[in-house]
Amino acid sequence: MREQQAQRLNLEAYTQLSPLFKTLCLRVSANEAYQKAAQEVEALTGIPISHSTLQRLVNRCEMDWSE
């Protein structure tokens, strides 16, 4: 059951964040301090996420800064 749900949500292995939720978190974090971003994500989605989780997510993200 979980494998089917993970496939439908297009989740990577060993992650609990859908690609859409991950994108939302990264976009909000780019414009806010992590603590405020965590509050905004919860206000927008109803899903609580800690500021430290947002920071780890941003730090793991590979960005192309050449543009």
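Scoring rules and cut-offs
- Residues numbered from 1 in each chain as written.
- Predicted model: local features only at pLDDT ≥ 70, side-chain atom pairs only at ≥ 80, totals over all residues.
- Heavy atoms only, no water.
- Axes fitted to C-alpha atoms, helices over the stretch in contact; angles between N-to-C directions.
- Helix = DSSP H or I, 4+ residues; strand = E, 2+ residues; numbered from the N terminus.
- Parallel < 35°, antiparallel > 145°, perpendicular 65-115°, else oblique.
- Left-handed = near helix turned anticlockwise from the far one by under 90°.
- Contact = heavy atoms within 4.5 Å.
- Nonpolar A, V, L, I, M, F, W, Y, C, P; charged D, E, K, R; others polar.

Caption draft 1: Examining the packing of helix α2 (residues 19-31) against helix α3 (residues 34-45) more closely. For the pair α2 and α3, the least separation of the axes is 9 Å and the interaxial angle reads 135°. Comparing their axes, α3 and α2 come out oblique. Considering the relative orientation of α2 and α3, their crossing is right-handed. Contact residues: α2 offers F21, L24, C25, V28 and S29, while α3 offers Y34, A37, E40, V41, L44 and T45. Looking at side-chain class alone, the contact of α2 with α3 contains eight nonpolar, two polar and one charged residues.

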